[in-house]
Amino acid sequence: MNLELTTDRLILKPFSDDDLDLVVALRTDPNVMRYISETATPERLAKRMIDFCRRSEDGSMGMWSVTLAESGEAIGTSILLPLPEEAHDTRWDFHENGKLVHEDVEVGYMFKPAAWGKGYATEVTGRLLRFAFEDTPLTEVVAVTDPDNAASQNVLRKSGLIDTGPRRAYCRDLPGFAITKDQWRAGQAA
Ligand SMILES: CC(C)(COP(=O)(O)OP(=O)(O)OC[C@H]1O[C@@H](n2cnc3c(N)ncnc32)[C@H](O)[C@@H]1OP(=O)(O)O)[C@@H](O)C(=O)NCCC(=O)NCCS
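Residues numbered from 1 in each chain as written. Predicted model: local features only at pLDDT ≥ 70, side-chain atom pairs only at ≥ 80, totals over all residues. Heavy atoms only, no water.

*Asks:* Please set out the nonpolar core residue by residue, giving values where relevant.
*Replies:* With 33 residues, the main nonpolar core has Leu80, Phe111 and Val141 as its most contacted residues. Going through the elements one at a time, strand 2 (10–14), strand 3 (62–68), strand 4 (74–82), strand 5 (105–111), helix 4 (120–135), strand 6 (140–144), helix 5 (150–158) and strand 8 (172–180) are the ones with two or more residues in this core. Broken down by element, this core gets its largest block of residues, eight residues, from helix 4. Counting residues in hydrophobic clusters, the runner-up holds 15 residues, among them Leu26, Leu45, Met49 and Leu81. (Core = buried A, V, L, I, M, F, W, Y, C linked by side-chain atoms within 4.5 Å. Buried < 20%, exposed > 50% of the residue type's maximum accessible area, 1.4 Å probe, protein only. Helix = DSSP H or I, 4+ residues; strand = E, 2+ residues; numbered from the N terminus.)

Now the structure itself:
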């Protein structure tokens, strides 16, 4: 399976050890982390790279780096990963290649502030949904956001996800979103 995904403007590559600078730029920035969690130190993030690079389902579940096709600049990360309910973070230890994922799978993203407002998150979400429904056995993709993260909610709705009401995730009751494979197909045909 080809895990390097492209869009008109972006290249998504499976996350690797080379992406430490990107993850540090994102996760030490309080603006980026405002609706996600506390910021982390570069030292702590370096130790977590082993988790961030983990993949399951023959590599199709995990994190991708997002770079601009034109310049090669790394601008963000995106995920397809099992959604934790009663845990504060993804259960990274579940991810081993070849293993099947039994929980709901969430789509997610974070970008450097300089890249916000250009439609990149919507472009990435559209590509990951296509990947999920055309290249993996998934029949549904879900998402959650902080109640105040209006930009992310906009991205999800623009990408065809439907509000499903509050759902348990990350030990909180958060606005939930979902799209089934059939709904996605209907959206492509429209
Ligand atoms: C949320 C985030 C990924 C959006 O990325 P982006 O590339 O700017 O998103 P897009 O440009 O594709 O779309 C954003 C949409 O939200 C709108 N928007 C942006 N800020 C907004 C705000 N504060 N309130 C309401 N709408 C907002 C934009 O206008 C756009 O909608 P439009 O195309 O209808 O105008 C980006 O802001 C980010 O990385 N934030 C920090 C990490 C994060 O919160 N990730 C999501 C966790 S659930």
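*Asks:* Describe the environment of Asp89, and please don't skip the residues or the numbers.
*Replies:* Its location among the elements puts Asp89 in the loop between strand 4 and strand 5. Of the residues examined, Asp89 reaches a relative accessible area of 28% and is grouped as partly exposed. Expressed as a C-alpha distance, the spacing of Asp89 and Thr77, which sit twelve residues apart in the sequence, is 16 Å. Beyond its immediate stretch of four places on either side in the chain, Asp89 contacts Arg48, Pro84 and Tyr170. At a separation of 3.2 Å, a polar atom in the side chain of Asp89 contacts the side chain of Trp92. (Contact = heavy atoms within 4.5 Å. Polar contact = N/O pair within 3.5 Å; in protein donor to acceptor, adjacent residues only side chain to side chain.)

*Asks:* I'd like a description of the pairing of strand 3, backed by residues and values.
*Replies:* Extensive coverage of strand 3 is indicated by the burial of seven of its seven residues. Bridge count for strand 2 against strand 3 is five bridges, and the pairing is antiparallel. Directly across from Lys13, in strand 3, lies its bridge partner Ser65. By the bridge criterion, six bridges tie strand 3 to strand 4 in an arrangement that is antiparallel. In the sheet register, Val66 faces strand 4, and the bridge partner there is Gly76. Following strand 3, the chain reverses through five residues before pairing antiparallel with strand 4; Gly72 in that reversal takes a positive phi of roughly 80 degrees. (Pairing = 2+ DSSP bridges.)

*Asks:* Hey, could you go over the pattern of salt bridges for me, with residue numbers and the actual values?
*Replies:* Scanning all chains against the criterion turns up eleven salt bridges. Of the charged contacts in the structure, one is a salt bridge between Arg130 and Glu134, with a shortest N-O distance of 2.8 Å. Taken as a pair, Arg130 and Glu134 lie in helix 4 at a separation of four residues, close to a single helical turn. Of the residues examined, Arg130 reaches a relative accessible area of 31% and is grouped as partly exposed. According to the relative accessible area criterion, Glu134 is partly exposed, its value standing at 47%. With a closest N to O distance of 3.3 Å, Asp146 and Arg172 form a salt bridge. Of this pair, Asp146 sits in the loop between strand 6 and helix 5 while Arg172 sits in strand 8, and the two are 26 residues apart along the sequence. Take Arg172: its relative accessible area is 37%, and that puts it in the partly exposed class. Connected via shared salt-bridge partners are Glu85, Asp104 and Arg167. (Salt bridge = Lys/Arg side-chain N within 4 Å of Asp/Glu carboxyl O.)

*Asks:* Give me the packing of helix 1 (residues 20–27) against helix 3 (residues 42–52): which residues, what numbers.
*Replies:* It is at 10 Å that the axes of helix 1 and helix 3 come closest, and there the two elements cross at 120 degrees. By the angle between their axes, helix 1 is oblique relative to helix 3. Here the hand of the crossing between helix 1 and helix 3 comes out right-handed. Contacts between helix 1 and helix 3 involve Leu20, Val23, Val24 and Arg27 from the former and Pro42, Leu45, Ala46, Met49 and Phe52 from the latter. (Axes fitted to C-alpha atoms, helices over the stretch in contact; angles between N-to-C directions. Parallel < 35°, antiparallel > 145°, perpendicular 65-115°, else oblique. Left-handed = near helix turned anticlockwise from the far one by under 90°.)

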